[in-house]
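# Reading the structure
Chain by chain, the residues run as shown.
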Amino acid sequence: MVGALNIIMSETCDLCLELPKDDPFYHHKKKLLSCKGLGVKETLNLSGSLSQQLLNAALEKLLQFGRIVNLDKVEVYFGEDACTPAGIYSVRNEISALSWILSLIPVSCKMQTQVDTLEALRAAVKSRISEVVGAEKEKARVVDSYRCEKESRLVEWGQDNGVKTKLQIAQIDGYGRGAIASEDLKFGDVALEIPISSIISEEYVYNSDMYPILEKIDGITSETMVLLWTMREKHNLDSKFKPYFDTLQENFCTGLSFGVNAIMELDGTLLLDEIMQAKELLRDRYDELIPLLSNPVFPPELYTWENYLWACELYYSNSMQIKFPDGKLKTCLIPVAGFLNHSIYPHIVKYGKVCVETSSLKFPVSRPCNKGEQCFLSYGNYSSSHLLTFYGFLPKGDNPYDVIPLDFDVIDDEDIETEFSWTTHMLRGTWLSSNHNIFHYGLPTPLLNYLRKAQGLDHHSETDLWENLEVEMGVLENIQSTFDDMMQNLGDADSIDRENTDWDVKLAMESKERQRKIISSILDSCSAGIKLVQEFIINPPV
Ligand SMILES: C[S@@+](CC[C@H](N)C(=O)[O-])C[C@H]1O[C@@H](n2cnc3c(N)ncnc32)[C@H](O)[C@@H]1O
């Protein structure tokens, strides 16, 4: 979870906002707040009835604060330059900020005028929430030829076991199965509720004949145990979860199952390393594990490498980390919820904690989802290469988490490790930046400052930068040469007919194209920056 937003309601109807001291990006966020003229503690006076103008101003201040407090690592890194002109960092951040504000506005208040003000503020926040639309706000294209029989049986089984749902399962063009709102869902409505008893977790291993053997294996994790349990349970005709296992694909199409042609297509990409490393790790784990399972409890025909890879893909693409009332975080398979697809513009972002009162897991929507629209979940703030490797798809739209990490040798300078320094640097498509002016170029400020420092310039003001334009040139040429090499490694764009290629080659080609687009934007920004700096070197500003 990102930092918390504290709103304390006092007798005089002040909302007190505070950036928590234990926020992992406290200093960076403090700086971002100060750029907006805000401190780490702010008070909003809401006494009496507010005019529309004052209400808008109050909401704007709340939002500015809420956005910054709710920024995640990547968003903090790209900072102020990553805002749209309307001040939005990302759909995820906007939804988080708005729902935080809403959840923290007190529901009761002593004086009627205050009740009215708070109600007006709540209505204004809700209206903003409905304005946060995603690119996928369109009627889901249902594939009618697919009858969803197994899926309907699972939903019926779920309902018999206490599952409550406002979603219908259908085959959706481009998504496999997905969940469609069967009625208009507004902020806070629970789209889906699953009782703990219908969730597959490590508890089932502890109560099985496998546990006495597994517990003796040194260092085995509960994730591995439940994965091994699933591999056998899938074939158990009397399993309580048979309707769930019946809905699972025989083959998962994730990056871990890419064939030779797709792997070859990925030559020169960062994704190639990610997939190869992940697959090697799984193979090593399997080779270590299997000799330890020589017991009739683990029939060898069920514990083949292919079955193990299938189970890993199942867990990578379908499991969720759930916090149980005992405080333990468990990796679970969740029937019915497993039909929810991911989006960068999700409806459901706040889930993952069992509700103690109802002993169930709830999936509330954080932005409206109208009847007939596909209801999306956020699987997490993942890059497209991660989503491709472990889930087998590339998300629609600009993914702000598509970053290219850069490895630098640490500069041997004691001063360099300040509270504002970053230990890792990254770049992403520069079209996502709103600042392409000199000293910014659409490139991230922490990286530029790091490289300036590496060239001996520890600047304190923009004047220092103006006085050292040759350093600026060096910085840009350095980035340009790194990304020129990366572009060359990618080779030329393919001219193959994609429609007739295999699913994995198609995905590999699209992923490569996305990387090419990012690198190309960085190179364009460097060229434009170099030109700009050159002009100022020739004609210095007066
Ligand atoms: C938890 S399941 C969701 C249900 C899945 N579509 C199905 O038919 O079983 C996760 C899988 O759904 C697919 N998926 C999820 N989000 C997607 C998206 N935005 N676009 C395309 N496929 C997606 C991927 O195959 C992923 O591995």
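Bear in mind that the values here come from a model prediction, so they are computed numbers and not experimental data.

This brings us to the overall build of the chain. Tallying secondary structure elements over the chain gives 18 helices and 15 strands in all. Once the C-alpha set of the chain is aligned to its principal axes, its extents read approximately 80 × 65 × 50 Å. A total of 542 residues make up the chain; the buried ones form 49% of that total. Partitioning the intrachain contacts of the chain with sequence separation of at least 6 by distance along the chain shows that 70% fall at a separation of at least 24. If you sum the accessible surface of the chain, you get close to 26100 Å²; carbon and sulfur atoms cover 51% of it. In the chain, 51 side chains carry a positive charge and 80 a negative one; their mean positions are 8 Å apart.

Another point: the packing of helix H1 (residues 26-35) against helix H2 (residues 52-69). Contact geometry of H1 with H2 gives a least axis separation of 10 Å together with a crossing angle of 155°. With respect to their mutual orientation, H1 and H2 come out roughly antiparallel. Handedness of the crossing formed by H1 with H2: right-handed. Along the contact surface, H1 presents Lys29, Leu32 and Leu33, while H2 presents Phe65, Ile68 and Val69. Here the residues of the contact of H1 with H2 sort into 5 nonpolar, no polar and 1 charged.

Moving on: the sheet that holds strand S11 (residues 354-355). One open sheet accounts for 4 strands, arranged S4-S7-S12-S11; its pairing is antiparallel. Of all strands in the sheet, those bounded by a partner on one side alone are strand S4 (164-165) and S11. Across 5 bridges, strand S7 (residues 190-195) lies against strand S12 (residues 360-364) in antiparallel orientation. Within the sheet, the bridge partner assigned to Leu192 lies in S12 and is Phe363.

Our next topic: the pairing of strand S8 (residues 319-323). Side chains Met320 and Ile322 of S8 all project onto a buried face; the interleaved residues Ser319, Gln321 and Lys323 project onto a face where none is buried. As paired strands, S8 and strand S9 (residues 329-333) are joined by 5 bridges and run antiparallel to one another. Bridged to Lys323 within S9 is Leu329. The hairpin turn running from S8 into S9, its antiparallel successor, is 5 residues long, and Gly327 in that turn takes a positive phi close to 90°.

Our next topic: the environment of Cys526. Considering the arrangement of structural elements, one finds Cys526 in helix H18 (residues 503-538). Given the relative accessible area of 0%, Cys526 is considered buried. With 49 residues separating them in the primary sequence, Cys526 and Glu477 have C-alpha atoms 7.3 Å apart.

So, about the site of the ligand. In the vicinity of the ligand lie 14 residues, with Tyr175, Arg177, Asn341, His342 and Tyr391 positioned nearest. In this structure, Arg177 approaches the ligand through a main-chain N or O atom, which is 2.7 Å from an oxygen atom. Here a nitrogen atom of the ligand sits 2.9 Å away from a polar atom, N or O, in the side chain of Asn341. Relative to its unbound accessible area of 560 Å², the ligand is 87% covered by the protein chains. When contributions to the shell around the ligand are tallied by element, the ones reaching two or more residues are strand S6 (176-181), helix H13 (305-318) and strand S10 (341-342). Residues of the shell around the ligand, tallied by class, amount to 6 nonpolar, 7 polar and 1 charged.

Where interface size is given, it is often the accessible area lost as the parts come together that is meant. Looking at the assigned domains, one finds that the chain contains domain 1 (6-131), domain 2 (152-389) and domain 3 (404-538). Taking only C-alpha atoms into account, the centre of domain 2 sits 37 Å from that of domain 3. Taken together, the contact between domain 2 and domain 3 spans 16 residues of the former and 15 residues of the latter. Together, the buried faces of domain 2 and domain 3 total about 1200 Å²; carbon and sulfur atoms form 65% of this surface.

Below, the discussion takes up the UniProt feature "domain: SET" (unreviewed entry) in the chain. Those places that UniProt annotates as "domain: SET" (unreviewed entry) correspond, in this numbering, to residues 165-380. As annotated, residues 165-380 has a helix share of 31% and a strand share of 19%, and its two end C-alpha atoms lie 22 Å apart.

Time to look at the side chain of Ser366. By the secondary structure assignment, Ser366 is in the loop between S12 and strand S13 (376-377). Look at Ser366 and you get buried, because its relative accessible area is 4%.

Quick look at the side chain of Thr331 now. Here Thr331 lies in strand S9. In this structure Thr331 comes out as buried when scored by relative accessible area, which is 9%. A distance of 3.0 Å separates a polar atom in the side chain of Thr331 from a polar atom in the side chain of Glu223. If we ignore the near neighbours within four places in the chain, the residues touching Thr331 are Ile200, Ser201, Glu223, Val226, Tyr315, Ser319, Met320 and Gln321.

Counting 73 residues, the largest nonpolar core has Leu443, Ile479 and Phe483 as the members making the most contacts within it. A domain-level breakdown of this core finds at least three residues from each of domain 1 (6-131) and domain 3 (404-538). With 70 residues, the next largest nonpolar core counts Val163, Ile194, Ile200 and Phe252 among its residues.

Quick look at unusual backbone geometry now. You will see that Ser359, though not glycine, has its phi angle at about 50°, which is positive. Looking at the secondary structure, you find Ser359 in the loop between S11 and S12. According to the relative accessible area criterion, Ser359 is partly exposed, its value standing at 38%. With phi around 75°, Phe439 is a residue other than glycine that occupies positive phi space. Tracing the backbone through its elements, the reader meets Phe439 in the loop between strand S15 (425-427) and helix H15 (445-454). Exposure remark for Phe439: the relative accessible area of 4% places this residue in the buried category.

What follows covers the pattern of salt bridges. One pass over the structure, following the stated rule, counts 22 salt bridges. In this structure, Glu60 engages Arg128 in a salt bridge whose closest nitrogen and oxygen atoms are separated by 2.8 Å. With Glu60 in helix H2 and Arg128 in helix H5 (residues 112-131), this pair connects stretches of sequence that are 68 residues apart. We classify Glu60 as partly exposed; its relative accessible area is 27%. On the basis of relative accessible area, Arg128 is assigned to the partly exposed category, the value being 23%. With its nearest N and O atoms 2.8 Å apart, the salt bridge here joins Lys328 to Glu202. One end of the pair, Lys328, is in the loop between S8 and S9; the other, Glu202, is in the loop between S7 and helix H7 (203-206), and 126 residues separate them in sequence. The network of salt bridges with common partners includes Asp72, Glu75 and Arg92.

Scoring rules and cut-offs
Residues numbered from 1 in each chain as written. Predicted model: local features only at pLDDT ≥ 70, side-chain atom pairs only at ≥ 80, totals over all residues. Heavy atoms only, no water. Helix = DSSP H or I, 4+ residues; strand = E, 2+ residues; numbered from the N terminus. Buried < 20%, exposed > 50% of the residue type's maximum accessible area, 1.4 Å probe, protein only. Contact = heavy atoms within 4.5 Å. Areas by Shrake-Rupley, 256 points an atom, 1.4 Å probe, with all protein chains shown as cover. Lys, Arg positive; Asp, Glu negative; His and termini not counted. Charge placed at Lys NZ, Arg CZ, Asp CG, Glu CD. Axes fitted to C-alpha atoms, helices over the stretch in contact; angles between N-to-C directions. Parallel < 35°, antiparallel > 145°, perpendicular 65-115°, else oblique. Left-handed = near helix turned anticlockwise from the far one by under 90°. Nonpolar A, V, L, I, M, F, W, Y, C, P; charged D, E, K, R; others polar. Pairing = 2+ DSSP bridges. Near = heavy atom within 4 Å. Polar contact = N/O pair within 3.5 Å; in protein donor to acceptor, adjacent residues only side chain to side chain. Domains from an automatic or database assignment. Buried area = accessible area lost by both parts, 1.4 Å probe. UniProt positions renumbered as here; feature names shortened; annotations may be inferred. Core = buried A, V, L, I, M, F, W, Y, C linked by side-chain atoms within 4.5 Å. Salt bridge = Lys/Arg side-chain N within 4 Å of Asp/Glu carboxyl O.

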